[in-house]
Structure formats: structure tokens, C-alpha cells
Amino acid sequence: MVELSDIYLTYQAPDGEVPALAGITFDVAEGEFISIVGPSGCGKSTLLNAIAGLETPDSGSLLVDGHPLRGPDPAVGYMPQKDGLLPWRTIFSNLCLGLEIAGKNTPARQAEVRELLARYGLSEFAGKTPSQLSGGMRQRCALIRTLASGPKLLLLDEAFSALDYQTRLAVSEDIHNIIRREGKTAILVTHDISEAVSLSDRILLLTRRPARIKHIYSLDALRGIPPLARRDHPAFREFFNAIWKELDLHV
Amino acid sequence: MSESLSPARAAWLAGQRRASRRVWFLRAVLLVAFFAGWELAARTGLMDPFIFSCPSRMWETFIGLLSSGDLFLHIGVSVGETVIGFLCGTLLGTAIATLLWWSDLLSRVLDPYLVVLNALPKTALGPIFIVWMGAGGGAIIAMTLAISLIVTVLDMYAGFRETDRDRIRLLRTLGASRRQVFTHLVLPSSFPTLASVLRVNVGLSWVGVIMGEFLVSRHGLGYLIVYGSQVFRMDLVMTTVLILAAAAALMYQGVLGLEKALKKYMGVTV
């Protein structure tokens, strides 16, 4: 689904060059849920922005769905930390924003959006404004907005970090289930190791800036177990401690 | 809802109404006391009505203006110039701010010129406009534009630039062009700035119009004030100032209405 090979990216700033990515190579299979963790400021978000087509790597090849990526792509959906819902639009018109921009805001596509809302129990919010919803509900709606444009790959940039702890657990479980059910591929950037372990099939651990891949963890022992249940599994602690130790060496 | 009011709630609401009534009452008292005191001071010789005028003489002047039919001509001319200046200043200013937002190069090139123009006291340009455009409505509207335009450009541009970067990024991932980012995000999210610009501009437009009328005109409220002071008819000056205050206040209310209509039109619910 996603193939990165030898990606380099350096920011040019007035007071010098800031190398952010130094030779990132990995593949993501279709339907896989990948998390990217690493020390803060290591370039996790830069990597995600590159896959979103918002940043162009200096070198290396980046294929999404078999095609080289040139700028933002309809096959890639992006979900930011803040829900990004526009306060002057109703929830429904927020969800149709992507369709509107693409000039595909047809009754048929709108019906699909309504179906998505109904499937995940959000229909009653369609006519409300974002300020009338809780943070957790808004984040669920932000996911539906991302799904409405029909992407194959979802990029979640610290998507749950702005929520309080309990909401974060509930929403991440929900969103994980939605992504699985819709058969999407997902890449989550997070600083929360337990979140990464509870949600992912594999975890990419990055080094400090400039980011390289330090380790890739395959969470085979936890495969098929839902996120909340994973937290009680013995393997959860093992993965958590292993990643924590690796991270610690580099902080 | 109104049927199930608790006694405490009812008492609180009654208290709120009482407080609001008291405020209105005191406002009325202040107004009446001001004019009554003025009239009294003039009649007892404390103030010379020839210099300070007095409410009764102003009322006579007002009736005189009303019956000669000139009043509405003067009000109409001034209000018309203000509305035209206000609309031109706001629309043109917003359009220029849009261009600056669009082109980084343009905004960087023009930045020092905007700073200088903003610092310049625009009234200094009045005589220039009169020479260029003649002594008439054109020069007055140019004056109004000069006063409101640069402020509008700077305020709107600053408002556009405050647009949340994460949201711009989000719209770009949805495939939005620069134009779509502007129409779907930047413009609606700058609504609070637009609202404050509208309120400021209506005041600035009046300043421009009165200033312009002082300099050139044969009609309008500014003309009446200058004419009255030149022939030492303070009754006329004072009356006109009061009419001007009423007209400006009414127009301000109109702008608040416009703001509401725009809000509705743009679908802004917050």
C-alpha cells in the first residue's frame, strides 16, 4: 500500500539546515495498522506529512498504492490532532467538505456520508454545529470526514492526544474498529507508547533527529485482540517495556 | 419552560428586569437633566446663548430647517457620501487584503509603503483631492477612502493571516486549491475581523465625509457646521451636531444589522 525507500528530507531555515529524515525505508501492507513512535521532535510528523504529500522529500521514492506521490492525493486521508471541524458549518456540511472541494458533492455521495454517520451512531449530530459536541464526538466526526472522501490510506497525526485519558481510550478503540471494519490501511503517529501497542500491527521506532528507523516491532502476539483487551494481555507490558527502554536510551 | 420556573429563578429574573429598568431610567434622567440644565443656564444668563446656544433656540432652528426642506437635502448628501465611502473602503480594502494574502511577494514588497501610508495623517491629502477632483462629491468620497482604506487593508490582511495553520493543512490534504482554501476557510474564519472592520469603517467614513465637507462642499451636515460657525450662528452649528450624532448612531445600528445579515449569509453560526 505504501512503499518508502531511502527517504531524505532536510528543512532549510534562515539559520541553517535542519535534517529531519535520513534514509527512511519501510513498507506498509494493505489493511495494516502501523504506529510511528520516537523521541519528541524527531521528525515523526515530518514523515507523516511527507506521506500526506504536504512535504516533498529531497530524495528517495515514495509510492502510495503503487503510484509515486505528487502532492496531496485522494487515496490518502489525513486526520490531525485537533478535529479541524469548521465552527461555522454543521457537522454534516463539515463531513461533505472534502467532497465539496473535489467537486463531488453529489446526492449519491451525500447519501454515503449519511450512511457512514448512521453506521457509527452519529446521525443525530448531522444538523448540529461542532461546538455542540464533546471532544470525543468531534474526533469521531473528523474520522468520518476523512473517510467521506474515500481514501485507502489514513494518516493519524497524534489523533487522540488532545482528548482526556478516558475519552482517548474509548475513541481510539472506536476509531480502530471503524478503520478495521472499513478495511483501511492506517499510519498513526503518537508519543504514547501504550496507545501504539494497543492499536497497531507493527510499530516503527525512530531515532532522534535526523530520524532513522531504529527498530520495527511486529506485535504478532497481540494480533486480533481489540485495543482495550490488549492492555490486560501479558505481552502488552513486554512490548511497552521494550519500546520504553529503546526510547529512553535516546532521550 | 416558563411554567416550571422555580421561585428562586422567578425572583432572579425579576431582579434582572428591575436592574435593567433602573439603567434605562437613569439614562433618561441624564439626558433630560443635561438639556434642562443647559436651557436653565442660558435663561438665567449663566451662559451666553449667542455663543453656547440653548435647546429652545436649537429646536426653533431645527423646525426652520425642517420647514424649508433643506434639512433632508443636507442629511441625504452626507449619508449618501458616507455610505458610498464606507462600501468602497470596505470592499476595496478587503479586495487588496485578499491580493496581499494571495501573493507573498506582493505583501512583502508593499509592506513598507503600507506602513508609511498608515502613519500619514490622511487629512493632509484633502487639498490634493480638491485640486485633482474639483470641489464636489468626488473629492469628499476620495477623502473618506483615504481614511478608511489602509486601515481596512492592514486589519483584514492581519485577520487572513491568523487563519489556523492546521486547518489550512487539513484542507490541502483534502485537495483544496489556494482559491478554495481562501473561500472555504480563510474568508469565513476572518468573519470576526470583518465585523470589527465594518464597525470601525462606519466611524472613519463619517470622519472623512465631515472633513471633506468642511473643505469643499455646498451641501451636507459638515457644510452646515462650517457655514454656521462662519456666520456665527451657533444655534445652527449645535443643531447640526446633534443631527449628525443621531445620523451616525442610526448608521452604526444599520452596520450591526448588516453584520447579522452577513453572518447569516455566510452560514456563520458561532
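Here, the structure is the one placed above.
Numbering of residues starts from 1 in each chain and follows the order in which that chain's sequence is written. Lettering for chains starts from A, numbering for ligands starts from 1, and both go in the order in which the items are written. Per-residue local features of the predicted model are confined to residues with pLDDT of at least 70, and side-chain atom pairs are confined, for both listing and counting, to 80 or more; whole-chain, interface and lining totals are unaffected and use all residues. As a convention, hydrogens and water are excluded, and side-chain values are obtained from all of the structure's heavy atoms.

**Describing the overall build of chain B**
Phase 1: A tally of regular secondary structure across chain B gives 12 helices and zero strands.
Phase 2: Numbered from the N terminus, helices here are DSSP runs of H or I no shorter than four residues, and strands are runs of E no shorter than two. Listing every helix and strand of chain B by position from the N terminus yields α-α-α-α-α-α-α-α-α-α-α-α.
Phase 3: For the radius of gyration, the atoms used are the C-alpha atoms, and the globule rule reads 2.2 Å times the number of residues raised to 0.38. For 270 residues, the compact-globule formula gives about 18 Å, and the C-alpha radius of gyration of chain B, at 24 Å, lies well above that figure.
Phase 4: Overall, chain B is about 75 × 70 × 30 Å in size when its C-alpha atoms are taken along their principal axes.
Phase 5: Each of the 270 residues in chain B was classed as buried or not, and the buried ones make up 37%.
Phase 6: Long-range contacts, defined here as pairs at least 24 residues apart, represent 70% of the contacts in chain B between residues at least 6 apart. Throughout, exposure labels follow a simple rule: accessible area from a 1.4 Å probe, protein chains only, divided by the maximum for the residue type, with under 20% read as buried, over 50% as exposed, and the rest as partly exposed. The contact criterion used throughout is that any non-hydrogen atoms of two residues lie within 4.5 Å.

**Thoughts on the overall build of chain A**
Phase 1: Across its full length, chain A holds nine helices and 10 strands.
Phase 2: Scaling as 2.2 N^0.38, a compact globule of 251 residues should have a C-alpha radius of gyration of about 18 Å, and chain A matches this with 18 Å.
Phase 3: The C-alpha extent of chain A, read off along each of the three principal axes, is 50 × 45 × 35 Å.
Phase 4: Here chain A holds 251 residues, and the buried ones make up 52% of them.
Phase 5: Charged residues are defined narrowly, with Lys and Arg counted positive, Asp and Glu counted negative, and His plus the chain ends left uncounted. By convention, the charge on Lys lies at NZ, on Arg at CZ, on Asp at CG and on Glu at CD. Averaging the locations of the 27 positively and 30 negatively charged side chains of chain A gives two centres separated by 3 Å.

**Structural notes on the interface of chain B and chain A**
Phase 1: Listed per partner, the contact involves 20 residues of chain B and 23 residues of chain A.
Phase 2: Summed over both sides, the interface of chain B with chain A buries roughly 1900 Å², with 63% coming from carbon and sulfur.
Phase 3: Note on definitions: salt bridges are taken to be side-chain nitrogens of Lys or Arg within 4 Å of carboxyl oxygens of Asp or Glu. Across the contact surface, chain B and chain A share two salt bridges.
Phase 4: A salt bridge links Asp-166 of chain B to Lys-82 of chain A, with the shortest nitrogen-to-oxygen separation between them at 3.4 Å.
Phase 5: Residues adjacent in sequence count toward polar contacts only when both atoms are side-chain atoms; beyond that, a polar contact is any pair of N or O atoms within 3.5 Å, and within protein one must be able to donate a hydrogen and the other to accept it. Joining chain B to chain A, the criterion identifies six residue pairs in polar contact (both at pLDDT 80 or more).
Phase 6: At the level of secondary structure, the elements contributing two or more residues to the side of chain B that touches chain A comprise α8 (165–173) and α9 (178–189) of chain B.
Phase 7: The greatest single-element share of the side of chain B that touches chain A, amounting to seven residues, is contributed by α8 of chain B.
Phase 8: Of the residues belonging to the side of chain B that touches chain A, the class tally is eight nonpolar, seven polar and five charged. Values labelled buried area give the accessible surface lost by two parts on being combined, using a 1.4 Å probe and summing over both. The nonpolar class holds Ala, Val, Leu, Ile, Met, Phe, Trp, Tyr, Cys and Pro. Asp, Glu, Lys and Arg form the charged class, and all remaining residues, Gly among them, are polar.

**Overview of a positive patch on the surface**
Phase 1: Patch members must show over 30% relative accessible area and no salt bridge, and they are joined within 9 Å when carrying like charges or within 5 Å when they are nonpolar side chains of Val, Leu, Ile, Met, Phe, Trp or Tyr. A 1.4 Å probe and the Shrake-Rupley method give the accessible areas. Residues count as covered only by the protein chains that appear here. Taken together, the side chains of Arg-17, Arg-18, Arg-21 and Arg-22 of chain B make up a positively charged region of the molecular surface.
Phase 2: As for its position among the elements, Arg-17 of chain B is in helix α1 (residues 7–43).

**Considerations on the packing of aromatic side chains**
Phase 1: Side-chain rings of Phe, Tyr and Trp (the six-membered ring for Trp) are treated as a pair once their centres are within 6.5 Å; stacked means planes under 30 degrees apart, edge-to-face means over 60, and tilted covers the remaining angles. Within the structure shown, the criterion is met by 11 aromatic pairs over all chains.
Phase 2: For the ring pair Trp-101 of chain B and Trp-102 of chain B, a centre distance of 6.1 Å and an interplane angle of 75° mean the geometry is edge-to-face.
Phase 3: Trp-101 of chain B sits in the buried class, given a relative accessible area of 11%.
Phase 4: Overall, Trp-102 of chain B belongs to the partly exposed group, its relative accessible area being 40%.
Phase 5: Grouped by ring-pair contacts, the aromatic residues Trp-101, Trp-102, Phe-160 and Phe-182 of chain B constitute a single cluster.
Phase 6: Here, a charge over a ring means that NZ of Lys or CZ of Arg falls within 6 Å of the ring centre while also lying within 35 degrees of the ring normal. Its guanidinium or amino end placed over the ring of Phe-240 of chain A, Arg-237 of chain A lies 4.9 Å from that ring's centre, counting from NZ or CZ.
Phase 7: Above the plane of the ring of Trp-24 of chain B lies Arg-27 of chain B, whose end atom (NZ or CZ) is 4.7 Å from the centre.

**Quick word on the sheet that holds strand β1 (residues 2–13) of chain A**
Residue and element names in this part refer to chain A.
Phase 1: Here four strands make up an open sheet; going across it, the order is β2-β1-β4-β5 and the pairing antiparallel. Each edge of the open sheet is held by one strand with a lone partner, namely β2 (16–28) and β5 (67–68).
Phase 2: At least two bridges found by DSSP between two strands is the condition for calling them paired. Note that β1 and β2 share 10 bridges and pair antiparallel. From the neighbouring strand, Glu-3 faces β2, where its bridge partner is Asp-27.

**Quick notes on the packing of helix α3 (residues 55–68) of chain B against helix α12 (residues 234–265) of chain B**
Residues and elements named next belong to chain B.
Phase 1: In the contact formed by α3 and α12, the axes pass within 9 Å of each other and the chain directions differ by 75°. Comparing their axes, α12 and α3 come out roughly perpendicular. On α12, the residues that touch Arg-57, Met-58, Thr-61, Phe-62 and Leu-65 of α3 are Asp-235, Leu-236, Met-238, Thr-239, Leu-242 and Ile-243. Axis definition: a line fitted to C-alpha atoms, over the contacting stretch in the case of helices. Angles run 0 to 180 degrees between N-to-C directions. Comment on the angle field: the value is read as roughly parallel under 35 degrees, roughly antiparallel over 145, roughly perpendicular from 65 to 115, and oblique elsewhere.

**Description of the sheet that holds strand β6 (residues 76–79) of chain A**
Residues and elements named next belong to chain A.
Phase 1: Strand order in the open sheet formed by six strands is β6-β7-β8-β3-β9-β10, and the pairing between neighbours is mixed. Edge positions in the sheet fall to β6 and β10 (213–218), since each has one partner strand and no second. Across the sheet, the axes of successive neighbouring strands diverge by a mean angle of 15°, strand direction being ignored.
Phase 2: The pairing of strand β3 (residues 33–37) with strand β8 (residues 185–189) spans four bridges and is classified as parallel. Directly across from Ile-34, in β8, lies its bridge partner Ile-187.
Phase 3: Across the face of the sheet, helix α1 (residues 44–51) comes into contact with β3, β6, β7 (153–157), β8 and β9 (202–206) while running at roughly 150° to β7.
Phase 4: Relative to β3, helix α6 (residues 165–181) is tilted by about 135°, and along the sheet it contacts β3, β6, β7 and β8.

Just distances and angles here, no functional claims.
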